[in-house]
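Here are the chains, one letter per residue:
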Amino acid sequence: MQKKGLLIVVSGPSGAGKGTVLAHTIAKYSNLKYSVSVTTRAPRAGEVDGVNYFFKSVKEFEEMIARCEFLEYKRVYDNYYGTPLVNVQKQLDDGYDVVLEIDTEGALDVKNIYPDAVMIFISPAKRSTIEERLRGRSTESEEQIQTRTQSALKEIRQAVFYDYIVVNEDSQKGAMDIIAIIEAEKCKVKNNKKFIDNLINGGK
Ligand code: 5GP
């Protein structure tokens, strides 16, 4: 029987560079699958439906809520964001590790549902980097940059509830840190109880 995968929850403020770190991580670690969230926000330039997000209308999103199709969902800024349950469950059952890139509130909801979820907070090295990165990507208005910078500070206060913090000074190094965390989690005794039982009982 294939072993169940690890559920990994990654959060961090806008401008922490989560997306780049995770893209490098997934490129290096093929067992890790990215859970594509559903959102009602408009796609940014270059974003692809079904790859970055599943882009839906508010009506479609609310129908999904009514059908209990989300593991968790939240209103973040002016839009809905949610994690579709079915894909996550299937990939974990198939033995893949699954990473959710979600806000801190959603992350704490997931931890309540899946207490074994591994919680990783990605942080910029310096506070000033948050605003610099948001300005650098030129996708938000001035007002949105101010809102996101304020929420970033709120999110950083939640980092104490996470298991690990990855400081993103260099996204390749950040990816290596996440892989090291996954490997260490896989070596935890609590994740290898069946293996030990099999050794004791003479199974394969
Ligand atoms: P963005 O609009 O920059 O892609 O994402 C805004 C925020 O929503 C980020 O903090 C991101 O992690 C969070 N987010 C993305 N998908 C989900 C989701 O499925 N659930 C929750 N709770 N937050 C999400």
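Residues numbered from 1 in each chain as written. Predicted model: local features only at pLDDT ≥ 70, side-chain atom pairs only at ≥ 80, totals over all residues. Heavy atoms only, no water.

Novice: I would appreciate a short explanation of the nonpolar core in the present structure.
Specialist: It is characteristic of soluble globular proteins that their nonpolar side chains tend to be buried jointly. Counting 17 residues, the largest nonpolar core has I8, V10, I120, I178 and I182 as its most contacted members. Here the element with the most residues in this core is helix 7 (residues 171-186); it accounts for four residues. Once residues within four sequence positions are removed from consideration, V10 is found in contact with K18, L22, V99, L100, E101, I102, I120 and I122. Ranked by size, the runner-up nonpolar core spans 16 residues in total, among them L100, Y114, M119 and Y162. (Core = buried A, V, L, I, M, F, W, Y, C linked by side-chain atoms within 4.5 Å. Buried < 20%, exposed > 50% of the residue type's maximum accessible area, 1.4 Å probe, protein only. Helix = DSSP H or I, 4+ residues; strand = E, 2+ residues; numbered from the N terminus. Contact = heavy atoms within 4.5 Å.)

Novice: What is the right way to look at the site of the ligand in this model?
Specialist: In the vicinity of the ligand lie 17 residues, with S37, R41, Y53, Y81 and D103 positioned nearest. Y53 is positioned with one of its side-chain polar atoms (N or O) 2.5 Å from an oxygen atom of the ligand. One of the side-chain N or O atoms of E72 is found 2.7 Å from a nitrogen atom in the ligand. Contact with the protein chains covers 95% of the free accessible surface of the ligand, which is 520 Å². Those elements that place two or more of their residues in the shell around the ligand are strand 5 (70-76) and strand 6 (79-84). A class-by-class count of the residues in the shell around the ligand yields five nonpolar, four polar and eight charged. (Near = heavy atom within 4 Å. Polar contact = N/O pair within 3.5 Å; in protein donor to acceptor, adjacent residues only side chain to side chain. Areas by Shrake-Rupley, 256 points an atom, 1.4 Å probe, with all protein chains shown as cover. Nonpolar A, V, L, I, M, F, W, Y, C, P; charged D, E, K, R; others polar.)

Novice: Explain the pairing of strand 1 (residues 7-11) to me, please; I cannot follow it from the model alone.
Specialist: Consecutive side chains along a regular strand alternate between the two faces of the sheet. Burial analysis of strand 1 places five of its five residues in the buried class, which makes it a mostly covered element. Every second residue of strand 1 is oriented toward a common face, with L7, V9 and S11 on one face and I8 and V10 on the other, all of them buried. For strand 1 and strand 8 (residues 118-123), the ladder comprises four bridges, and the chain directions are parallel. The residue bridging S11 from the neighbouring strand is F121, located in strand 8. (Pairing = 2+ DSSP bridges.)

Novice: What's the story with the side chain of T83 in this structure? I'm lost.
Specialist: When you line up the elements, T83 lands in strand 6. A polar atom in the side chain of T83 sits 2.6 Å from the side chain of E72. Not counting chain neighbours up to four residues away, the residues in contact with T83 comprise S35, S37, E69, F70, L71, E72, V88, L100 and I102.

Novice: Looking at this structure, how should I read the packing of aromatic side chains?
Specialist: Think of a pair of aromatic rings as described by two things: how far the centres are apart, and how the planes are tilted against each other in angle. Tallied over the entire structure, the rule returns eight aromatic pairs. Both rings, one in F70 and one in Y73, keep their centres 5.8 Å apart while their planes meet at 50°; by these two values the pair is tilted. An aromatic cluster is built from F61, F70, Y73 and Y80, whose rings are joined through pairwise contacts. Over the aromatic face of Y96 sits the side chain of K33, whose NZ or CZ is 4.8 Å from the ring centroid. The lysine or arginine in question, R75, covers the ring of Y80, its NZ or CZ lying 4.9 Å from the ring centre. (Phe/Tyr/Trp six-rings, centres within 6.5 Å; stacked < 30°, edge-to-face > 60°. Lys NZ or Arg CZ within 6 Å of the ring centre and 35° of its normal.)

Novice: Looking at this model, I keep getting lost on the pairing of strand 7 (residues 97-101). Mind explaining?
Specialist: For strand 7, the buried fraction is high: four of the five residues fall into the buried class. Inspection of the sheet shows strand 1 paired to strand 7 by four bridges, in the parallel sense. Paired with I8 across the bridge in strand 7 is V99. Bridge count for strand 2 (residues 32-34) against strand 7 is three bridges, and the pairing is parallel. Directly across from K33, in strand 7, lies its bridge partner V98.

Shape is all these values report; function is a separate question.
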